[in-house]
Amino acid sequence: MITKLPIILAAMFGCCLAATQPAQDTRVLPEGFVDAAQRSTHTNNWAVLVDASRFWFNYRHVANVLSIYRSVKRLGIPDSQIILMIADDMACNARNPRPGQVYNNANQHINVYGDDVEVDYRGYEVTVENFVRLLTGRTQNGTARSKKLLSDAGSNVLIYLTGHGGDGFLKFQDSEEITSQELADGIQQMWEKKRYNELFFMVDTCQAASLYEKFTSPNVLAVASSLVGEDSLSHHVDPSIGVYMIDRYTYYALEFLEKVQPFSKRTIGEFLQVCPKRVCISTVGVRKDLYRRDPHKVPITDFFGAIRPTRVSTDRINVTLANEDDFITTDELVVMKPFKIVIEPQFPTEFFK
Amino acid sequence: MGLLSDPSISTQSKLVDGLARHVRKVCTVLYVAGVAWFFCLALPEFNHGTYLSENALSPGLVYPEIRVDANRLAIQLLEELQRERKDHLSTTPHAWIAAKMNEFGLETHTHNYTLRYPFGGGKEYHGKNIYGILRAPRIASTEGIVFTAPYRAASSVHTDISPSVPLLLAFADFARRKNYWAKDLIFLVTEQEQLGMQAWLEAYHDGDRDLDVSKAYLRPGNLPARAGSLQAALNIEVQDLEIDYVDVRIEGLNGKLPNLDMFNLVQRIMAREGIASGYKQTPRKKRRHSKSLFETNLRQMLAMLATQSSGVPNGNHGLFHRYRIDALTIAAHRRATHATLKGQPGSAAVPLLKAIEGIARSLNNLLERFHQSFFFYVIVNNDRYISIGDYMPALVALVACAFVKAYLMWSTLPSTEAGGELDTEERDADTDVEAEKFELPYGSVLIYLTATLLIGFLCNVLPLQQYFLEIPMGAAPLTTSVLSFLSLIGFILPFVVVLPPGGLELLHVAFLLIYGCSLIVIGLLNFALGFFVAVLTVPLVIALETKEDTSRSTLRHAIRLLALILNPMMIVYVIVLAMTFYQFPELPLQKILLRAATAAMDASAYGLIDSVLYGNFLYFVISTVLLPLWIICWTLALSKRRDYADYVEFEESPASSPQPQSPSQAKVKTS
């Protein structure tokens, strides 16, 4: 409590009313345990955004991941808590007619590779090994702090993957792939090591649903752009650059996210339905069985923002160590003796007298 | 018969014996099946639609940015070039081209090369290529794409394609203003047709190596600047800025082809720009006639194989294939002047320029060399192809005849078990036969084979020897006389050298094996050549018998005649004759025969020069592989044996032997 409270107090002092909404909703629910379950308990937000594919013609994957990056950053997750992995450098690709710029739309109104993009893992650093080390926290000695997922039992983690997938795997670079089993093992380790409170797993690849099939860890909500046996399709081409700009699922997800403001009442449940088959062509797959809460009652900012649940209290709160008196032994209290404080002069002023 | 009741003979031999009796039928069925399969390939059920398998190309995703001003520039450059051509009737206006390239900001260089012509006492020719490099603005010069335009002087006998150079320069001017090139672009103007191209390529790849200059006929020199490993090349041959259609030429040296993706890419981009384009494209008027799909397809296939079989590239692109650079030629043909619809003269070349830009941008997107699609294919239609997996069975079925026959011949040869295989009559004649073992004359057959191969080898080497070259004689008569002389030796050889008993049968087996192997190898390297040779010669190989059978003397004479006709020299002459007849049907027969003879002599000389300068292996295949095979074939057709008289006597005995080797065996025993 003593560690949590300052953070809660510091967080979003102006957002209390909006953020209390879920808490208010649960109050009308009949059962007490549902109330407990519905209440989000996270204290911080992390995002791991991965583009696993290289090559110029996969420009759209970089646009995908940078668009999501832009959204989560806009909704309040600081750069220090976003791990951005991009397998190839599209912005400075020699084929890019607009050097240093990446767009996610043929209208080119948003340069998603703006001035303030911090890529944590880039180029050939984006490997399966680094990704698994990142998730499980087994980074090698000397790894920069910015390249670590320093989440804890109170973290809500968003994992977004894009690239070229197959049935049961996602290709990294052009040489290796992560299997759905490896992914499930990694997340299980995260759970066992108390590295997340809730995890939102979002993946936009072909046969994306195969990637979350092996998950067993609790508190995981997963959404995939296509079912097993389906291809995920790109949305449109920018004929001035000559590449596909963005994938369909991410495009419609962004369309939704762009309307979300930090204090929005939009829920994850709505977000799961952003891309019906009519527009997506592929069928979006959702896995909810590991998730305890009702997605329609979970604000989207629980994963895409840094809005932690806050409780407004008009009562007095005891901020002393009262709750933790187990740790305070009586011996130590007894040992304490009266003492006198002597303050030494800062300057030897007597010499100048 | 003891043969059948003998328990020591396994059932397999029975099967082999059964097959051996029907070997001709089996082989004929295989032959017919192979040819029928080939014809079936023209049916739409047997070929496939083309598709792009290289994702990186992403053709047609970009809007072309080249505008009408590039066309204006091309027109202006063409006018300037036409003025230059008046001053340079038989030479290339190097200075003008280099000046223009410099003006457009390209890194311009000149490449000098020398040809030491080997024949007729030796002369030296000098040539000059101009090329300009546009360096990729934001990446190291590790990869390059080549755009070439051959320049033909005004005095050239070939069709005028001078607008290619202005078009190339106009595109270069456009490309220089763009920042998205990930590969260096080389704009190359060559002269003297394929010679200049070959010299440039050799200089590009081997120019910095210390080669023995005294031996080389083409001295390519070195290049002052390079642009990394070349990924692809586009050769542009434009007859006029106002074009009717584009013929896409792909056949390269020794029948090699560019990757099918490259052809598909060009087709797709041309279609987007609305240019009538295709493989062996013809003017619209000719295209209108109605033929069945099967017939059109078959014609297209045969036309492609015919072009490939000579191994001579049908454009400058063909020389790139040797260096594993995918290349093709877009040959734009002039619009007939009486065409009713005349486009705006100011924008006539815009579609072509846009197409070149589209191709360039797609090639620019390549991440590695073409590797996805097929390298071995036959184009059936502009959008349909046959892959190597589909057409090889045709050749394999043909060649299988040789192997089946070889196996059956071998299994019925008089081997160490010869005693058991002798039939009753022989056993009666000599009771000790079973005890003795029969030795096949491996040594003499090997020597015979070596001798024939030596003749073939000499064909390849002799015309290039210094003492022959010093004779002040043209290349054609020199080559022809050497070839004829060596063929004559081959012709006489079986009359002079007669193999010991059993030798002919062994030679037959060896012939079948060598024949089969060489055809498969030739067919893999150049399917067209292998297939045509197989179609021509397999009937003879099936018919060929070393067994003496007096009752079928007409067949024997027919085989001998066929063998004589199938002499490689004869075939070359017949092909040239047919072409002459097709080209000049109005000439009297005598003149045609004479003209064909001269042309055939020229052809053999060109074959030799091509093999020396460009590495075309047609001459080598004919002289060093097919000629020795023909000599052996001729020997087998003659079937000269020792003790012919004894043999005839034996044949008159009441029962004839099923084994061809029996008489000779009997001879050994008695001697």
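Residues numbered from 1 in each chain as written. Chains lettered and ligands numbered in written order. Predicted model: local features only at pLDDT ≥ 70, side-chain atom pairs only at ≥ 80, totals over all residues.

Comments concerning the overall build of chain A
Right, on to step 1. Each helix and strand counted, chain A has 12 helices and 12 strands in total.
Right, on to step 2. The buried share of chain A, taken over its 353 residues, is 42%. (Helix = DSSP H or I, 4+ residues; strand = E, 2+ residues; numbered from the N terminus. Buried ≥ 20, exposed ≤ 12 C-beta atoms within 10 Å, placed from the backbone.)

Here's the deal with the pairing of strand β7 (residues 176–179) of chain A
Residue and element names in this part refer to chain A.
Right, on to step 1. Strand direction decides the pairing type here: strand β6 (residues 169–172) and β7, joined by 4 bridges, are antiparallel. Paired with Phe172 across the two strands is Glu176, which belongs to β7.
Right, on to step 2. Hairpin connection between β6 and β7: a loop of 3 residues separates the two successive antiparallel strands, and Gln173 in this loop has a positive phi of roughly 50°. (Pairing = 2+ DSSP bridges.)

Remarks on unusual backbone geometry
Right, on to step 1. For A:Gln207, which is not glycine, the phi dihedral falls at a positive 50°.
Right, on to step 2. Secondary-structure assignment places A:Gln207 in the loop between β8 (198–204) and β9 (220–224).
Right, on to step 3. For A:Gln207, a count of 25 C-beta atoms within 10 Å corresponds to the buried category.
Right, on to step 4. Not every positive phi belongs to a glycine, and B:Arg324 is a case in point at roughly 60°.

A few points about the sheet that holds β6(A)
Residue and element names in this part refer to chain A.
Right, on to step 1. Here we have 3 strands laid out as an open sheet, ordered β5-β6-β7, and antiparallel in their pairing. Single-partner strands in this sheet number two, and they are β5 (164–166) and β7. Averaged over all adjacent pairs, the angle separating strand axes in this sheet is 30°, with direction ignored.
Right, on to step 2. In the packing of helix α7 (residues 180–192) onto the sheet, the strands contacted are β6 and β7, and the crossing angle to β7 comes to about 60°. (Axes fitted to C-alpha atoms, helices over the stretch in contact; angles between N-to-C directions. Contact = placed C-beta atoms within 7 Å.)

Re the UniProt feature "transmembrane region" (unreviewed entry) in chain B
Residue and element names in this part refer to chain B.
Right, on to step 1. In this numbering, the UniProt entry assigns the feature "transmembrane region" (unreviewed entry) to residues 445–464, 476–497, 509–542, 562–584 and 617–637.
Right, on to step 2. Summarising residues 509–542: 97% helix, 0% strand, and an end-to-end C-alpha distance of 12 Å.
Right, on to step 3. From the first C-alpha to the last, residues 562–584 spans 28 Å; its make-up is 87% helix and 0% strand. (UniProt positions renumbered as here; feature names shortened; annotations may be inferred.)

Things to note about the confidence of the model for chain A
Right, on to step 1. Here chain A averages 82 in pLDDT, and 82% of its residues register 70 or above.
Right, on to step 2. Within the model, the stretch residues 1–37 of chain A combines pLDDT values under 50 with 41 contacts to residues more than four positions away or in other chains. (pLDDT = per-residue confidence, 0-100.)

Overview of the environment of A:Asp294
Right, on to step 1. Structurally, the position occupied by A:Asp294 is in the loop between β12 (285–287) and α11 (301–304).
Right, on to step 2. For the pair A:Asp294 and A:Phe339, spaced 45 residues apart in sequence, the C-alpha to C-alpha distance is 57 Å.

So, the packing of helix α5 (residues 59–74) of chain A against helix α8 (residues 248–257) of chain A
Residues and elements named next belong to chain A.
Right, on to step 1. For the pair α5 and α8, interaxial distance at closest approach is 10 Å and the crossing angle is 15°. Regarding the angle of α5 to α8, the classification is roughly parallel. Taken as a pair, α5 and α8 cross one another with a handedness that is left-handed. Contacts between α5 and α8 pair Asn64, Ser67, Ile68 and Ser71 from the former with Thr250, Leu254 and Leu257 from the latter.
Right, on to step 2. Class assignment for the residues of the contact of α5 with α8 results in 3 nonpolar, 4 polar and no charged. (Parallel < 35°, antiparallel > 145°, perpendicular 65-115°, else oblique. Left-handed = near helix turned anticlockwise from the far one by under 90°. Nonpolar A, V, L, I, M, F, W, Y, C, P; charged D, E, K, R; others polar.)

Some points on the UniProt feature "active site" (unreviewed entry) in chain A
All names here are of chain A.
Right, on to step 1. Within this numbering scheme, the UniProt entry marks His164 and Cys206 as carrying the feature "active site" (unreviewed entry). These residues run over 43 residues, yet every pair of their C-alpha atoms falls within 6.3 Å of each other.
Right, on to step 2. Looking at the element boundaries, His164 is found in strand β5.
Right, on to step 3. On the neighbour-count criterion, His164 (20 C-beta atoms within 10 Å) is buried.

A short note on the sheet that holds strand β4 (residues 143–150) of chain B
All names here are of chain B.
Right, on to step 1. If you trace the 9 strands from one edge of the open sheet to the other, you get β6-β2-β3-β5-β4-β7-β10-β8-β9, paired in mixed fashion. A strand with exactly one partner marks an edge of an open sheet, and here the two such strands are β6 (218–219) and β9 (277–279).
Right, on to step 2. In this sheet, strand β10 (residues 326–334) lies alongside strand β7 (residues 229–238) in parallel orientation, the contact comprising 7 bridges. Along β10, the bridge assignment pairs Ala232 with Asp326.
Right, on to step 3. Along the sheet, helix α11 (residues 350–364) contacts β4, β7, β8 (243–249) and β10; its crossing angle with β7, the most-contacted strand, is approximately 170°.

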